[in-house]
Amino acid sequence: MSEHRARILGRVRQALGGERASADAIGREAAALIPDLAAVRPSFEGEAVLDRFLAKATSEKVTATAERLVARDLPTAVQRYVESNQLASEIACALPAELMTLDWSAFTLKHVIDRNEPVALTFAEAGIAETGTLVFPSSPMVPTLFNFLPLHHLVVLRARSIVPYMEDVWRRFDTAPLPRSLNLVTGTSGTADIEGKNVRGAHGPRFMRIFLLEDAG
Amino acid sequence: MTVAYTSQHFKQEAKAALVEPNLQRALDRTTTLLQGRRAEAYRAYAEFETTRDAGSAIKDHVLCHLDHYLEAFERNAVAAGCQVHWAATAEEACRIVVDLCQQANAKTVTRVKSMLGEEIGLPEALDEAGFDRVETDLAEHINQLAGDRPSHIVIPALHKTQEQVAELFAQHHGHGRVIEEVGELVQSARLVLREKYFAADVGISGANFLVADTGAVCTVTNEGNAELTMQLPRVQIVTAGIEKLVPSLDHAGVLLRLLARSALGMEITQYTTFLTGARRPGDRDGPEAMHIVLVDAGRTDILADEIRSILKCIRCAACINHCPVYSQIGGHAYGGIYQGPMGSVLTPAMASLAQAKDLPHACTLNGRCVEVCPVKIPLTDLMRTLRERTWREQLVDRPTRFGLGLWAAVAKRPALYRFTTRWAIRALKLWSRGRGAIRFLPFAGAFTASRDLPAPEGGTFMDRYRRGER
């Protein structure tokens, strides 16, 4: 193995030739490649971050639906969704502790997920307004599979955690390590593999509902 | 295990493809759609040109400092708990993956579509070692059932019509029904593959980007199959070409914006995932081990070659979708893993120029590929470079050499050239009998067999120039 490592690095250096630059010099050069982030990402000046997020998330290409509410109404809103889609009241749930204190008595919440789970309720750490994207970092509290196995993915997102661009999410990891799995999810699972026709629910969720909590503070 | 290239049969294969009705229907339906979607996405992105400049500069920068970024990535990935392996050749890469699967006592191995995996012959190596290999990307699932190779790097089953897929699923999905609705076809595959994800012992993917400063592996998909493939099995293996590095997440962001728009006309793919290491203490899911295999397989040769800039390719397929040659003959005729303009540069480098000599010649040099390339690879220049090389290396056949020699002899003598072209135009006009197009021409039967030659109009360039038509 180390023999192949040496061979590859040797051949790279031979191909590039000359004196190799120092790590610092390379770092400075890399930083200079993007002098201004505003020049390389779509501007939506004048559009409120929240409005942009909702417009993108519910657009034809992203296909989520969304409703705005305050936290205490969350269980009723979830119940309305579950009932109107004729789903069972037993749902897979991975919410942070402060949302578990709400009145969930209408549901049987389980903390494991089955291979063909109909509904899962999860919490997004952040939303990205640029693209209507939800951000799910893995952690002991938030297993990754809850976001990928269900047919209906119900996502709780705090309005105040919506940021304009993906780079705003990256900034959190300038000082903290990346989670094992950082999942940026933009709407439902889709495929265009048969004649380019868009179909939803390829391997992951077919439906996504975003519950946007607008509590003050 | 290396892939058996069949590019030496390009001319016959292309000829056959032109008269294959299902292929022509599938190509026509899909390439037009993809061109339209891309154009629409960029109309809504005023920052496209500056992003493209940045994307191109990032890829150039990484190639110039590839040794630095490889070592940085390795250091950070190992610190995050990954095991990093190096493979100078395709055979070595396959051997490492097969060994890892055997060490994990694997029976079922799921795979996410990865062009590198196809390139190094990984599917064949896994089959040969006796694993139950399951392709999870819908298109690769279709290809696996049909026993086909990918015909497009983003939509690998582009050559199949919906009707053909329906027949395959009826035969292989155990329900025997020929499904007519495309949504139901997708559902049929979902049910079959869901069971496989859970049965898998090892999940294998490629990488769209390797983030040097964090050791993260970035994959993008729309189906979500990468996530299920990488999260469920005990062992996760990533195979990635050494050119896939980016300095940081910010640099990845620039390329992500270009990739999704160029490939499918989307602002972002549905799933963009960064994986950094194996399961951590307290995690309730994720693999127990994460392996990354860094693969050279000819890349350092390309790095040392005039065609180095092809290593900037981010595999978006925009050049393929806009190539008039691809849209007529599809992907299989190229006889390798990569198609269209990028394939016509990569395949000669990866197989041999002698075997794939027809590929760089099968180009009209119209330059649409260069216009749409998100990282500004001068594809037509690269093809010209390869054409010159086929000439120098005596790979051009004798009649062509003779013809070109004759043309050069005439072209170097202006008076003779003007005289000859003037008479040639008159002869061609007469031959066309006023129809505007020539269907058959003696000594050019190979050209006119599948296309018409436009009849010349209004005299030679020099005559018209002198008449004041400027």
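Enquirer: Looking at this model, I keep getting lost on the overall build of chain A. Mind explaining?
Expert: In terms of regular secondary structure, chain A is built from six helices and 12 strands. For chain A, whose C-alpha radius of gyration is 21 Å, the value lies well above the compact-globule estimate of 17 Å for 217 residues. Within chain A, the proportion of its 217 residues that are buried is 42%. The contacts of chain A with a sequence gap of at least 6 include a subset with a gap of at least 24, amounting to 72%.

Enquirer: Could you clarify how one ought to interpret helix α8 (residues 138–146) of chain B in this entry?
Expert: Since one α-helical turn is 3.6 residues long, residues separated by three or four positions face the same way. Burial in α8(B) covers these residues: L138(B), A139(B), E140(B), H141(B), I142(B) and N143(B). Elements that come into contact with the buried residues of α8(B) comprise β10 (190–191) of chain A together with β3 (132–135), α9 (162–172) and α10 (182–199) of chain B. Among the residues trailing α8(B), G147(B) stands out with phi positive, at a value near 70°.

Enquirer: Hey, could you run me through the interface of chain B and chain A in this one?
Expert: One frequent convention defines the size of an interface as the accessible area lost when the parts assemble. The interface is formed by 79 residues belonging to chain B together with 61 residues belonging to chain A. Element by element, the count of residues in the side of chain B that touches chain A is highest for α10(B), at eight residues. The residue makeup of the side of chain B that touches chain A, split by class, is 37 nonpolar, 25 polar and 17 charged. Alignment of strand β9 (residues 181–185) of chain A against strand β9 (residues 271–275) of chain B, held across five bridges, turns out to be antiparallel. Along β9(B), the bridge assignment pairs L182(A) with F274(B).

Enquirer: What exactly am I supposed to notice about the pairing of strand β6 (residues 133–137) of chain A here?
Expert: On a regular strand, each side chain points to the face opposite its neighbour's, so the side chains alternate between the two faces of the sheet. Residues and elements named next belong to chain A. Burial runs high along β6: five of the five residues are buried. The alternating pattern of β6 places T133, V135 and P137 on one face and L134 and F136 on the opposite face, and all of these are buried. Both strand β5 (residues 126–128) and β6 contribute to a ladder of three bridges, which runs antiparallel. When the bridges of β6 are listed, A126 appears paired with V135. Connecting β5 to the antiparallel partner β6 that follows it, the hairpin turn spans four residues, and G132 within it adopts a positive phi of roughly 70°. Summarising the sheet, β6 and β9 pair through four bridges and their orientation is antiparallel. The residue of β9 that forms the bridge with F136 is N183.

Enquirer: Where do I start with the confidence of the model for chain B in this structure?
Expert: Should the pLDDT be low somewhere, the predicted coordinates at that spot are not to be read in detail. For chain B, mean pLDDT is 93; residues scoring 70 or higher make up 99% of the total. Across the interfaces of the predicted complex, the ipTM metric reaches 0.97, alongside a pTM of 0.93.

Enquirer: I keep staring at the packing of helix α16 (residues 340–350) of chain B against helix α19 (residues 379–392) of chain B and nothing clicks. Help me out?
Expert: When two helices pack together, their arrangement is captured by the angle between the axes and the distance separating the axes. All names here are of chain B. It is the contact of α16 with α19, at a shortest axis distance of 9 Å, that shows an interaxial angle of 35°. Seen along the crossing, α16 lies across α19 with a hand that is left-handed. Counting all contacts with α16, which are made through P341, M342, S344, V345 and P348, the residues of α19 involved are L379, L382, M383 and L386. Within the contact of α16 with α19, the residues separate by chemical class into eight nonpolar, one polar and no charged.

Enquirer: When you look at the environment of P137(A) in this model, what are you seeing that I'm missing?
Expert: Residues and elements named next belong to chain A. Mapped onto the elements, P137 comes out in strand β6. A count of 20 C-beta atoms within 10 Å places P137 in the buried class. For P137 and V156, which are 19 residues apart along the polypeptide, the C-alpha to C-alpha distance reads 14 Å.

Rules and cut-offs
Residues numbered from 1 in each chain as written. Chains lettered and ligands numbered in written order. Predicted model: local features only at pLDDT ≥ 70, side-chain atom pairs only at ≥ 80, totals over all residues. Helix = DSSP H or I, 4+ residues; strand = E, 2+ residues; numbered from the N terminus. Rg over C-alpha atoms; globule rule 2.2 N^0.38 Å. Buried ≥ 20, exposed ≤ 12 C-beta atoms within 10 Å, placed from the backbone. Contact = placed C-beta atoms within 7 Å. Nonpolar A, V, L, I, M, F, W, Y, C, P; charged D, E, K, R; others polar. Pairing = 2+ DSSP bridges. pLDDT = per-residue confidence, 0-100. Axes fitted to C-alpha atoms, helices over the stretch in contact; angles between N-to-C directions. Left-handed = near helix turned anticlockwise from the far one by under 90°.

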